[in-house]
Amino acid sequence: MNYKFDFSILHTYGPYMLEGLYETVWVAIPSIVIATVLGLLLAVFSTAQHRLLRIPTVVFVDVFRTIPVICLLFWVHYVLPMLTGWRFSAAESAIISLSLNGAAFTSEAFRGGLESIATTQRQAAASLGFSGIQTMRYVIFPQAFFMTLPAVTNVHITIIKTVPIAVVIAVPEVMFRAQELTVQFFRPLELYTGAAVLYVGLVILYTMFMRGIERLRKWEPI
Amino acid sequence: MQGAAPVVKIENVTKRYGSLEVLKGISFDVAPGEAVVLLGPSGCGKSTLLRCVNGLEKINGGKISVGGIDVGSASPKEMLRIRLSTGFVFQQFNLFPHMTVLDNLTIAPRKLLGIDRREANETAHDLLKRVGIPEKANVYPSTLSGGQRQRVAIARALAMKPNLMLFDEPTSALDPEMREEVLNVIRSLKEVDNIAMIVVTHEIGFGRDVADHAILMDSGHIAESGSASDVFRNPQSERAKKFLKSIINA
Ligand SMILES: Nc1ncnc2c1ncn2[C@@H]1O[C@H](COP(=O)(O)OP(=O)(O)OP(=O)(O)O)[C@@H](O)[C@H]1O
Ligand SMILES: [Mg+2]
């Protein structure tokens, strides 16, 4: 191998790459928030008694779980404007796509969590006189929240790691910049290694944040 | 007690799960302050019957009324009244693991009866004293022994000041040493507070000494019914004799 390492390019263009991380974060955070809220609603609806609530939810989840993100990105960014006349910036298209995809997966995680809270807990709450909504609020959600945290964290991390796919619609995040600089300076090894380090750092940071939330649980399941 | 309207009236109740007929025409009453023990082999429908009394399951035929309200046709408001006046204690305790013992006892009074936190806490502390674990108010259920958990579960039901208690094998998940303390609490509910109760249990001593009435169920029917002392000391049917022998030898 006669490739000569020259990490000085990162010294020069590091700040530029780091700005790309800022873009990554600003696609990832809204996507995570929307995916989580939407996923929670979908999970609650998917356990609903009424078929009019349940069936569209199941269809939604199955559709957005199975469409490849890259396909969804193109669709939202290029096809949707043709159909509706709405235009989205590249970052907005990425957020929409990742939210839809992420919601399908978070809803699965939440559903698992809601179902893991045994029917005996619901019965205990019902026998005290709690309504279905009160049971959700005081008994099921507070338990399911912590039960689902690890699975939901995994979905969030997947969302973060999927952001770079948005290079295909030119969201100027880390991967886009690494590619751009590689074409210019032909230093792929240094640039893609630098990009990888930034993503790893971001994921580690996020994981630590979620661990912190997990540690707020003072009780043990029985 | 004679002439007083029954707290629970069960008339010819049938219940199916799919094609499985679990209850095949059960009838009996529970008078105010009366303790009825319900016995019978596993799978004969005892838990199902208790859940039907509390409206947790719908019956397919017959009628159950609690406090004069027909459970089957109760409006949500009436169902709430039934549930508020009825305490349910489960075999597996079913405490809320994410709440302290104190919160387990106060959540329902505060959210459903609108009692303020201070008063609810006071009542809860009194109840914990009464069931013998005043020092456990601020711990989480996972740190309690089985017997302590069951006493918390009873206290949680009592916090709603019920006039009917349903116990589903309250001691069968407990080690023998812990059973007595739980049974003593249940006994005091009858003897001190005069709360009517249906107790599913195979505790012979409890049935004989505490209960007024005993009902032996067998595959969805009532096999024998009578005063507790008769049923336990002098069972009439062959079925009852055999069953009692089997639980005494167990
Ligand atoms: N939710 C349900 N769906 C279908 N079948 C059920 C359900 N609950 C109970 N059963 C069936 O109904 C029958 C009676 O069950 P139940 O739990 O009432 O019996 P049990 O007398 O309480 O028995 P055990 O002493 O074992 O607690 C059993 O055959 C059981 O399998
Ligand atoms: Mg049972």
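A brief look at the structure comes next. Just so we're clear, the structure is a prediction, and the values are computed from it rather than from any experiment.

1. A word on the environment of V71 of chain B
Residues and elements named next belong to chain B.
Next, step 1: Tracing the backbone shows V71 in the loop between strand 5 (69-70) and helix 2 (76-85).
Next, step 2: Judged by relative accessible area, V71 falls into the buried class, the value being 8%.
Next, step 3: As a C-alpha pair, V71 and V8 span 63 residues in sequence and 10 Å in three-dimensional space.
Next, step 4: The contact partners of V71, leaving out residues within four places of it in the chain, are C52, V53, G55, I64, S65, V66, M79 and I82.

2. So, the environment of V37 of chain B
Next, step 1: Tracing the backbone shows V37 of chain B in strand 3 (residues 35-39).
Next, step 2: Separated by 20 residues in sequence, V37 of chain B and Y17 of chain B have C-alpha atoms that sit 24 Å apart.

3. Focus on the site of ligand 1
All names here are of chain B.
Next, step 1: In the vicinity of ligand 1, the contacting residues are Y17, L20, V22, S42, G43, C44, G45, K46, S47, T48, R51 and E169.
Next, step 2: K46 is positioned with one of its side-chain polar atoms (N or O) 2.8 Å from an oxygen atom of ligand 1.
Next, step 3: In this structure, an oxygen atom belonging to ligand 1 sits 2.6 Å away from a side-chain N or O atom of S47.
Next, step 4: For ligand 1, the accessible surface in isolation is 630 Å², of which the surrounding protein chains cover 61%.
Next, step 5: Looking at the shell around ligand 1, the elements with two or more residues in it are strand 2 (20-30) and helix 1 (46-53).
Next, step 6: Broken down by element, the residue count for the shell around ligand 1 peaks at four residues, all from helix 1.
Next, step 7: Of the residues belonging to the shell around ligand 1, the class tally is four nonpolar, five polar and three charged.

4. Concerning the packing of helix 1 (residues 8-46) of chain A against helix 2 (residues 51-66) of chain A
Residue and element names in this part refer to chain A.
Next, step 1: Packing of helix 1 against helix 2 brings their axes to within 8 Å, and their N-to-C directions diverge by 130°. Comparing the axis directions of helix 1 and helix 2 gives the class oblique. Between helix 1 and helix 2 the crossing geometry is left-handed. Across from L38, L42, F45 and S46 in helix 1, the residues of helix 2 making contact are L53, R54, T57, F60 and V61.
Next, step 2: Class assignment of the residues belonging to the contact of helix 1 with helix 2 gives a composition of six nonpolar, two polar and one charged.

5. Considering the sheet that holds strand 3 of chain B
Residue and element names in this part refer to chain B.
Next, step 1: Reading across from one edge, 6-7-8-3-9-10 is the order of the six strands in this open sheet, with mixed pairing throughout. Edge positions in the sheet fall to strand 6 (86-89) and strand 10 (221-227), since each of these pairs with one other strand and no more. If you compare each strand with its neighbour and ignore which way they point, the axes differ by 15° on average.
Next, step 2: Both strand 3 and strand 8 (residues 196-200) contribute to a ladder of four bridges, which runs parallel. The residue of strand 8 that forms the bridge with A35 is M197.

6. Quick notes on the interface of chain A and chain B
Next, step 1: The interface of chain A with chain B comprises 20 residues on the first partner and 25 residues on the second.
Next, step 2: Taking both partners together, chain A and chain B bury about 2000 Å²; carbon and sulfur atoms supply 68% of that area.
Next, step 3: By the criterion of area lost to chain B, the three top residues of chain A are S127, L128 and I222 of chain A, representing 32% of everything that side buries.
Next, step 4: Run the count over chain A and chain B and you get zero salt bridges.
Next, step 5: For the interface between chain A and chain B, the tally reads five residue pairs in polar contact (both at pLDDT 80 or more).

7. With respect to the layout of surface pockets
Residue and element names in this part refer to chain A.
Next, step 1: Put simply, the largest pocket is a space of about 500 Å³.
Next, step 2: Taken together, 23 residues line the largest pocket, and the ones lying closest to its centre are I32, T36, H156, Y206 and M210.
Next, step 3: Mapped by element, the contributors of at least two residues to the lining of the largest pocket are helix 1, helix 4 (90-116), helix 6 (132-162) and helix 8 (188-214).
Next, step 4: Examining the composition of the lining of the largest pocket, we find that eight residues originate from one element, helix 6, more than from any other.
Next, step 5: Looking at the lining of the largest pocket, its residues break down into 20 nonpolar, three polar and no charged.
Next, step 6: Counted as a void, the second largest pocket has a volume near 400 Å³.

8. Quick look at the sheet that holds strand 5 of chain B
Residues and elements named next belong to chain B.
Next, step 1: Spatially, 2-1-4-5 is the arrangement adopted by the four strands of the open sheet, whose pairing is antiparallel. Edge positions in the sheet fall to strand 2 and strand 5, since each has one partner strand and no second.
Next, step 2: By the bridge criterion, two bridges tie strand 4 (residues 61-66) to strand 5 in an arrangement that is antiparallel. Paired with S65 across the two strands is D70, which belongs to strand 5.
Next, step 3: Relative to strand 1 (residues 8-17), helix 1 is tilted by about 120°, and along the sheet it contacts strand 1, strand 2 and strand 4.

9. Describing empty space enclosed by the protein
Next, step 1: Taken as a whole and judged by the stated rule, the model has one cavity of 30 Å³ or more.
Next, step 2: Estimated volume of the largest cavity: approximately 60 Å³.
Next, step 3: Lining the largest cavity are A124, S127 and L128 of chain A together with R83, T86, G87, F88, R156, A157 and M160 of chain B.
Next, step 4: Of all the secondary structure elements, the ones that give two or more residues to the lining of the largest cavity are helix 5 (119-128) of chain A together with strand 6 and helix 5 (146-158) of chain B.

10. A word on the side chain of H98 of chain B
Next, step 1: With respect to the secondary-structure elements, H98 of chain B resides in the loop between strand 6 and helix 3 (101-113).
Next, step 2: Polar side-chain contacts of H98 of chain B include one of 2.8 Å to the backbone oxygen of Y138 of chain A.
Next, step 3: Residues contacting H98 of chain B, with those up to four places away along its chain left out, are Y138, V139, P142, Q143 and W219 of chain A together with Y140 of chain B.

11. Describing the environment of R233 of chain B
Residue and element names in this part refer to chain B.
Next, step 1: Assignment of secondary structure puts R233 in helix 8 (residues 228-233).
Next, step 2: Separated by 11 residues in the primary sequence, R233 and L244 place their C-alpha atoms 9.6 Å from one another.
Next, step 3: Among residues more than four places away in sequence, those in contact with R233 are R208 and D209.

12. Looking at the state of the cysteines
Two cysteines form a disulfide when their sulfur atoms are joined by a covalent bond.
Next, step 1: On inspection of all chains with the given rule, the structure shows zero disulfides over all chains.
Next, step 2: No disulfide involves C52 of chain B; its nearest neighbouring cysteine sulfur is the one of C44 of chain B, lying 13 Å away.

Calculation notes
Going along each chain's sequence as written, the residues are numbered from 1 onward. Starting at A for chains and at 1 for ligands, labels are handed out in the order in which the entities are written. Residues qualify for local features only when their pLDDT is at least 70, as the model is predicted, and side-chain atom pairs are given and counted only at 80 or more; totals for whole chains, interfaces and linings, by contrast, use all residues. As a rule here, side-chain values come from all non-hydrogen atoms in the structure, and water together with hydrogens is ignored. Helix and strand labels come from DSSP, where a helix needs a run of H or I of at least four residues and a strand needs a run of E of at least two; each type is numbered from the N terminus. Exposure categories follow from relative accessible area, calculated using a 1.4 Å probe and restricted to protein chains: below 20% of the type maximum is buried, above 50% is exposed, and the middle band is partly exposed. By definition, residues are in contact when any of their heavy atoms lie within 4.5 Å. To be near a molecule or strand, a residue needs just one of its heavy atoms within 4 Å of it. Counting of polar contacts relies on pairs of N or O atoms within 3.5 Å, with two restrictions inside protein: one atom must be capable of donating a hydrogen and the other of accepting it, and residues adjacent in sequence are counted only when both atoms are side-chain atoms. Throughout, the Shrake-Rupley method with a 1.4 Å probe supplies accessible areas, and for residues the shown protein chains are the sole cover considered. In this classification, the charged set is Asp, Glu, Lys and Arg, the nonpolar set is Ala, Val, Leu, Ile, Met, Phe, Trp, Tyr, Cys and Pro, and all remaining amino acids, among them Gly, are polar. In this analysis, axes come from line fits to C-alpha atoms, helices being fitted only over the stretch in contact, and the angle between any two N-to-C directions falls in the range 0 to 180 degrees. Geometric relationships in this document are graded by angle, where less than 35 degrees denotes roughly parallel, more than 145 denotes roughly antiparallel, 65 to 115 denotes roughly perpendicular, and other angles denote oblique. Two helices crossing with the near one rotated counterclockwise from the far one by less than a right angle form a left-handed crossing, whereas a clockwise rotation gives a right-handed crossing. Think of it this way: DSSP has to see at least two bridges between two strands before they count as a pair. Accessible-area loss on putting two parts together, using a 1.4 Å probe and summing over both, is the definition of buried area adopted here. Salt bridge criterion: a side-chain nitrogen from Lys or Arg within 4 Å of a carboxyl oxygen from Asp or Glu. Only protein atoms enter the 1 Å grid used here, on which a cavity is any set of points holding a 1.4 Å probe that cannot leave and a pocket is any open set flanked by protein within 12 Å on both sides along at least five of seven lines; residues with an atom within 4 Å of a point are listed as lining. Grid points are joined across faces, edges and corners, and a volume is the space filled by probe spheres set on the points. The disulfide definition used here is simple: a pair of cysteine sulfur atoms within 2.5 Å.

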